[in-house]
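Observations on chain architecture
Residue-level listing of the chains:
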Amino acid sequence: MKRLVLTSILFAALLASCVPVDLNAPIPVYDTGIDPTAWAKIPAGEFYFGQHEEVTSTEAYEIMVTDVTTAQYAEFLNDALADGYVKLDGSRIVGYYPGDTFRGVKHEEEIKAGDWIFIPLDDPSQRLKFDGTRFTVQAGYEDHPMTLVSWFGAWGYCGYHDWRLPTEMEWEKAGRGTDSRPFPWGEEIQRNNANFYTSRDPFENMRTFGSRTSPVGFYNGRTYDGYITLDSVSPYGLYDMAGNVWQWTGNIYEGMHYRFMRGGSKDVYDMDLRLWVRNNATPTYYSPGVGFRCAR
Amino acid sequence: MHFFKTRFNYLFNSTKGLILVAIAMIAIETAIWGMLSGPMAELGVRELVIKLFGMDIVQAEREGRIIILYHSIAMAVIAIETYMITSLLKMKPFFKTAINALITVGYLVTMIFGMGFAYFGHNWAFHGLYIFGLSLIFFAGLLMIIALWPWKEEYYVTDKDYAQTKSGVDLERIAFFATAVTTVLSSLFGAIPGSYYGNGFETFLAENIIRYPEKTTMEYSVIGHLHIMLALIAIMLTLIIGRWLNFKGLWHKFAMPLMILGTLVLNLGVWGVVTPLEPIAHMIIYVGATPSMLAALFLLIWNWNKLIKDGIAHIQKPKFLQKLGALVHDPLKFGPTWQMLFMNFTTSGIGIFMAVRLDEIFRIWPAREERIELTGHWHALSAIIATIILMYYGDMLGLKGKVRQLYGWAIIFLSDIALGAVTIFEMKRLFITEAEQQPLVNGLMYAIDFGLGMLLVLLAIVMVWRLTDLFKPKGRWTEEMTHELSQEVMK
């Protein structure tokens, strides 16, 4: 009898692991009051770069206050499709990339000039919908960061507007300011500072779909239906520089095709939200946990 | 006073007592620091533990803390292996006493002051003591090399059932010796860059720099060090288990030369990463790993054969199920080699699979996914090493009957459930998307937490039992005072 009970429990646990996930489960909609079209000015000067606090400097530049939203990306695709800047290729949107210098270093893969994927259209967690002529956004996700976008798609968005992806140094300086803090807001992290794995925000349900993105600028000190957020703005006024989505950066390093991401995401533990933590992937990689912002 | 003197004498002057202390220290450290990450962190236990113990956790120093944490656990494991070797193999009493004394003080100082430095503010005297502890362990290693010197006639074997040279030199002893020598040398590959990086506090975890095309010699040295030390701990444990089970016969004669060859070539490959041999180092490592793994396979074949033969000796025409029953009759004798086989599914097999499908996996997966696989597979190997030690320890305790069955099978099932789930977790991106993975991840996490959690509970029960036993005037500890492992080698 005991064996039967134990076997049944194990079997039930196994079945529970195979439950299909409703990727379109209702999502709470909140107005964060943060303008996703705003830019922050970052002055020229020195700052602490990396975990080991190497003193380095940048020129002055501007960077987006938030990640690029799905609504902004949909607008871009509509314009870019009309301009011929991007095109439909089967179940994906592609755009031209001039290629990288290939040095044949061990493990390096060649990125040739040609059309490369910007976004997939057939991924079930894609929040952009395409009816054959126009792109629209799944209701509720308008102010969420644009995800399922490759590095080419991020590079293409910024380039279309005569902007660019921030370098890793620019990204880190914008998040860290001029002191050695590990998080944009200071020394320590609490669950309501940022959207990370099991941060218990209103968008996650760890029994079913897990962690989902939050609207850009969500962690600004406001209270949403009783959920109190801490104001987690960076010293230069940027939001979501820790958590929510990894952010593509623009560096192309000699001898490697990988592109680097910063900031951690909704899918990782708090330790990976520290400002110097790096992630990387092939530039064709896309994920529900990867987005970007631009610099100029 | 007599009470404390006798217990102290048992705990620090007998092989089984020393092993008990080391297992208890690892258990305590694992229990406390295991609450700082994973599901315990998710449940908020981490914050409570930090407050309760007054830990001083600085975000920028996480990597350094982790390095000290796993070094302190590893040193205790090396101490356990050392106690086993000094008790199993013939050596002069002076060496046995000196080696055990040095390594005991060494690992305790390393563990206590290392963890004190890493987690409770930065008292630099503690850091100095941590380094001092590591140095003592290094000296214990040097003494071990001298003690194990195989080319002394008193250590020659006369029984033709054991692998030996024409002149009678014990090949198994040479295998122990080769592993000890290479372990001491390979520790330098961590010590030298450790000092170099320590000078500027630029600690890093090797898994975070895997994809960088250019690595410095010091970075390669650290990567080589962590790989080889774990491999050598596993090789040494394989030799120890072989001695405990009294590995001999034809398979022994095949296995020992392979073990020696594999250990040497494997080390040459790893050391090669800091030389111009770096581009072919991986190939040399594969070449070295193959004979080592073959030798372990031969031990497994011999052991399983023996278990079956012994178990069916009284049956005239044994059937398959009777043979199978004989094989698994004693989980503590079957378990260690089973875990070695299981390791191929959780560690070696995964590594080979990933290497074969490099273009489909690592070329596409983000670095953080690759890191999960890398850290997962060496955590799994470490856990398997721990379970094998615990099974040998169960036999040392003299567990019998149902308790022996329960203890042995609990270790096998609980660890294999957990490690099997870890393996699926590592490979999940091959069959499920990020967006749809949560229920699967939950199921796997339950399996991992259940397996490892219950294993720790089992260990806690054993430790509490041993603690209460110490309060008995005629407890089991009195019987263990003078027992040497060489007396308990299987017949």
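Predicted model only: the values in this text are computed from it and were never measured.

1. Observations concerning the overall build of chain A
- A tally of regular secondary structure across chain A gives four helices and 15 strands.
- In terms of overall dimensions, chain A is globule-like: its C-alpha atoms have a radius of gyration of 20 Å, near the 19 Å expected for 296 residues.
- Each principal axis of the C-alpha atoms in chain A carries an extent, and together these give about 70 × 45 × 45 Å.
- Out of the 296 residues belonging to chain A, those deemed buried represent 47%.
- Relative to all contacts within chain A whose residues are 6 or more apart in sequence, the contacts with residues 24 or more apart total 70%.

2. Considering the overall build of chain B
- Within chain B one finds 17 helices and zero strands.
- For chain B, the C-alpha radius of gyration of 23 Å lies close to 23 Å, the compact-globule estimate for 491 residues.
- Taking the principal axes of the C-alpha coordinates as reference, chain B spans close to 60 × 60 × 45 Å.
- Among the 491 residues that make up chain B, the fraction classed as buried is 43%.

3. Some details on the environment of Gly291(A)
- Tracing the chain through its elements places Gly291(A) in strand E15 (residues 290–291).
- It is 15 Å that separates the C-alpha atoms of Gly291(A) and Leu238(A), two residues lying 53 residues apart in sequence.

4. Some points on the domain arrangement of chain B
All names here are of chain B.
- Along its sequence, chain B is carved into domain 1 (1–148) and domain 2 (330–491).
- Counting from both sides, the interface comprises 19 residues of domain 1 and, opposite them, 20 residues of domain 2.
- For the side of domain 1 that touches domain 2, the secondary-structure elements that each account for two or more residues are helix H1 (2–13), helix H2 (15–33) and helix H5 (62–88).
- It is H2 that provides the largest number of residues to the side of domain 1 that touches domain 2, a total of ten residues.
- Its residues assigned to classes, the side of domain 1 that touches domain 2 comprises twelve nonpolar, five polar and two charged.

5. What about the interface of chain A and chain B?
- Across the contact, 40 residues belong to chain A and 21 residues belong to chain B.
- Secondary-structure elements contributing two or more residues to the side of chain A that touches chain B are helix H1 (2–17) and strand E14 (278–281) of chain A.
- The element contributing the most residues to the side of chain A that touches chain B is H1(A), with four residues.
- Taken together, the residues of the side of chain A that touches chain B break down into 19 nonpolar, 14 polar and seven charged.

6. With respect to unusual backbone geometry
Residues and elements named next belong to chain A.
- Not every positive phi belongs to a glycine, and Glu53 is a case in point at roughly 55 degrees.
- With respect to the helices and strands, the residue Glu53 is situated in the loop between strand E2 (45–49) and strand E3 (54–58).
- In the Ramachandran plot, Asp162 falls in the positive-phi region, its phi being about 65 degrees despite a non-glycine side chain.
- Position of Asp162 among the secondary structure elements: in the loop between helix H3 (151–160) and helix H4 (168–176).
- With 8 C-beta atoms counted inside 10 Å, the residue Asp162 sits in the exposed group.

7. Details of the packing of helix H8 (residues 171–198) of chain B against helix H10 (residues 250–271) of chain B
Residue and element names in this part refer to chain B.
- Direction vectors running N to C along H8 and H10 enclose 15 degrees, while the axes themselves pass 8 Å from each other. If you check the angle between H8 and H10, you find them roughly parallel. The interaxial crossing formed by H8 with H10 has left-handed handedness. Contacts from Leu171, Glu172, Ile174, Ala175, Ala178, Thr179, Thr182 and Ser186 in H8 reach Met256, Pro257, Met259, Ile260, Thr263, Leu264, Asn267 and Val270 in H10.
- Tallied by class, the residues present in the contact of H8 with H10 amount to ten nonpolar, five polar and one charged.

8. Examining the sheet that holds E14(A)
All names here are of chain A.
- What the four strands build is an open sheet, ordered E14-E13-E12-E15; its pairing is mixed. Of all strands in the sheet, those bounded by a partner on one side alone are E14 and E15.
- Note: strand E12 (residues 246–248) against strand E13 (residues 259–262), two bridges, orientation antiparallel. In the strand pairing of E13, Trp248 is matched with Met261.

9. Examining the confidence of the model for chain B
- Of the residues in chain B, 100% have a pLDDT of 70 or more, and the chain-wide mean is 92.
- Ranking the elements of chain B by mean pLDDT puts helix H3 (residues 38–42) of chain B last with 81 and helix H6 (residues 93–119) of chain B first with 97.

10. Notes on the nonpolar core
- Ala22(B), Ala76(B), Ile80(B) and Ile385(B) are the most contacted members of the largest nonpolar core, which has 128 residues in total.
- Looking at this core element by element, the count peaks at 17 residues for helix H9 (residues 217–244) of chain B.
- Formed jointly, this core draws a minimum of three residues from each of two domains, domain 1 (1–148) and domain 2 (330–491) of chain B.
- If sequence neighbours within four positions are ignored, Ile80(B) has contacts with Ile19(B), Ala22(B), Ile23(B) and Ile389(B).
- One finds Ile34(A), Trp185(A), Tyr197(A) and Trp248(A) within the second-largest nonpolar core, a separate group that totals 68 residues.

11. Re H2(B)
- Under the 1.5 Å per step criterion, the end-to-end length of H2(B) is 27 Å for 19 residues, consistent within 8% with the ideal 27 Å.
- Three or more residues of H2(B) are buried, namely Thr15(B), Lys16(B), Gly17(B), Leu18(B), Ile19(B), Leu20(B), Val21(B), Ala22(B), Ile23(B), Met25(B), Ile26(B) and Trp33(B).

Cut-off values and rules
- Residues numbered from 1 in each chain as written.
- Chains lettered and ligands numbered in written order.
- Predicted model: local features only at pLDDT ≥ 70, side-chain atom pairs only at ≥ 80, totals over all residues.
- Helix = DSSP H or I, 4+ residues; strand = E, 2+ residues; numbered from the N terminus.
- Rg over C-alpha atoms; globule rule 2.2 N^0.38 Å.
- Buried ≥ 20, exposed ≤ 12 C-beta atoms within 10 Å, placed from the backbone.
- Contact = placed C-beta atoms within 7 Å.
- Domains from an automatic or database assignment.
- Nonpolar A, V, L, I, M, F, W, Y, C, P; charged D, E, K, R; others polar.
- Axes fitted to C-alpha atoms, helices over the stretch in contact; angles between N-to-C directions.
- Parallel < 35°, antiparallel > 145°, perpendicular 65-115°, else oblique.
- Left-handed = near helix turned anticlockwise from the far one by under 90°.
- Pairing = 2+ DSSP bridges.
- pLDDT = per-residue confidence, 0-100.
- Core = buried A, V, L, I, M, F, W, Y, C linked by C-beta atoms within 7 Å.
- Expected span 1.5 Å × (residues − 1).

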